[in-house]
Amino acid sequence: METVVSKVTEKHVLFTASFVIRLALVAYGDYQDRTMVVKYTDVDYHVFTDAARFITKGESPYNRSTYRYTPLLAWLLTPNIYFNLMFGKILFVLCDVLSGLIIYRILCLQGLDPKSACRICSLWLLNPLPMGVSSRGNAESVLAALVLGTIFCMEGQRLIWAAILYGLSVHMKIYPITYALPIALALRTTETTEEERKEGWGRRWRRLFGFVGSFLSRELLLFAGVAGGVFCGLTTLFYLMYDWEFLHETYLYHLTRRDIRHNFSPYFYMLYLTADGRWSLWLGLAAFVPQLVLLLLVSWAYHRDLALCCFLHTAIFVSFNKVCTSQYFLWYLCLLPLVIPRLSLSPRQGVGLLALWFAGQGVWLVPAYFLEFEGYNTFLWLWLAGLLFLVINCFILVQIIAHYKPAQPTQRFKVE
């Protein structure tokens, strides 16, 4: 068995096999779509393709109802119309495998030997969830590659490339904006604080000014300028092309979104019951408060380890979000392999936490099935199952934090 595992997790075998499996799933998905009532392809893929079709006609991608993404995604998928409908799926599969390669490179930068890095990397490349999501035509793998690329460039001291990828990540989907604070804290100048401590400056206002001044470092200003330039440049370009509709559908809609369909969010039942109330909008905005508080605390406590901090940020954001579906789990699962090498959990503890995580989803799926397919009113049970899943996620995050061994402080970023 050990020989088989070693063979499968060899670098070339692992990446080739993972790519071939995904291609096979794409081919099978095409067969299922043509021959079966239940379709394999994600409905979002049809939305992406329809938006791309409008672009090829010189029209707005937002003429396709429910398209609430950046026009850049629809532009990337115009080959779906010009060449072959499978182009987008192949692109997403490539980004999925590319994410695995970036994970491998980051783990090697962190000091793991290639063999161990491949074994950890296989947790993503041979994971059925990202395999299924990318082969069904969901675009989450594109964002995973951009986020991982940002962390890789930060770890490798390539600040300008990190800023470019980060600006592009935020443009593609707004949630990576939460990484801005830990990145800023990681790039700020710390010498001032150390000098103040040595000189014994006791006045709070001087310490405050010193703290604020630490954010004026050359590295941070450069990163903010490049990332902000990329984001603002793309936003301005698409605003000029598609006007206010672009801003609303891509960004503003997600701030005021109140999805009353059943999902894992602990807020869905509250939003469902108050959907027609006058306080519904404010309750939806208030749901961001727990996220904000936790993200601020995590940023301050763990910004020195960017991979861990981004993982905790994303897991907290997803768990406490107003809308939480299974595909959102990929946002933090792609970062989990970067954390695993420094966990002191035993294999038994790790398997136990994984089983607990799946059990939480299983408990939720029971009332979801009876609501969706049997027509029973199980909203209350769904909400309670969602709360249980939230507690499970929080418990797992606490265990990860408690068993995490921080890396040694790295050198200051250098601008090449």
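The preceding data block contains the structure.
Residues numbered from 1 in each chain as written. Predicted model: local features only at pLDDT ≥ 70, side-chain atom pairs only at ≥ 80, totals over all residues. Heavy atoms only, no water.

(A) How the structure looks around helix H18 (residues 306-319). The end-to-end C-alpha distance of H18 is 20 Å, a good match for the 20 Å that 14 residues give at a rise of 1.5 Å each. With 14 of 14 residues buried, H18 is to be regarded as a mostly interior element. (Helix = DSSP H or I, 4+ residues; strand = E, 2+ residues; numbered from the N terminus. Expected span 1.5 Å × (residues − 1). Buried < 20%, exposed > 50% of the residue type's maximum accessible area, 1.4 Å probe, protein only.)

(B) Up close: the pattern of salt bridges. Taken as a whole and judged by the stated rule, the model has eight salt bridges. The residue Arg22 makes a salt bridge to Asp96 at a minimum N-O spacing of 2.8 Å. Of the two residues, Arg22 sits in helix H2 (residues 11-35) while Asp96 sits in helix H6 (residues 87-109), which places them 74 residues apart along the sequence. With respect to burial, Arg22 and Asp96 carry one shared label: buried. Linking Arg64 and Asp50 is a salt bridge whose minimum nitrogen-to-oxygen distance equals 2.9 Å. (Salt bridge = Lys/Arg side-chain N within 4 Å of Asp/Glu carboxyl O.)

(C) Quick look at unusual backbone geometry. In the Ramachandran plot, Gln157 falls in the positive-phi region, its phi being about 65° despite a non-glycine side chain. Note that Gln157 resides in the loop between helix H9 (140-155) and helix H10 (159-172). Among the residues examined, Gln157 registers a relative accessible area of 14% and is labelled buried. Unusually for a residue other than glycine, Asp243 sits at a positive phi of about 60°. Mapped onto the elements, Asp243 comes out in helix H14 (residues 218-256). Under the relative-accessibility criterion, Asp243 is labelled partly exposed at 47%.

(D) Summary view of the packing of aromatic side chains. Throughout the structure, instances matching the rule amount to 30 aromatic pairs. Ring geometry for Phe231 versus Tyr251: centroids 5.7 Å apart, planes at 55°, classification tilted. Accessibility expressed as a relative area gives 22% for Phe231, which makes it partly exposed. Joined through ring pairs, the aromatic side chains of Tyr45, Phe48, Tyr62, Tyr67, Tyr69, Phe92, Phe231, Phe238, Tyr242, Phe246 and Tyr251 make up one cluster. For the cation-ring pair, Lys89 lies above Tyr45, with the distance from its terminal atom to the ring centre recorded as 5.6 Å. (Phe/Tyr/Trp six-rings, centres within 6.5 Å; stacked < 30°, edge-to-face > 60°. Lys NZ or Arg CZ within 6 Å of the ring centre and 35° of its normal.)

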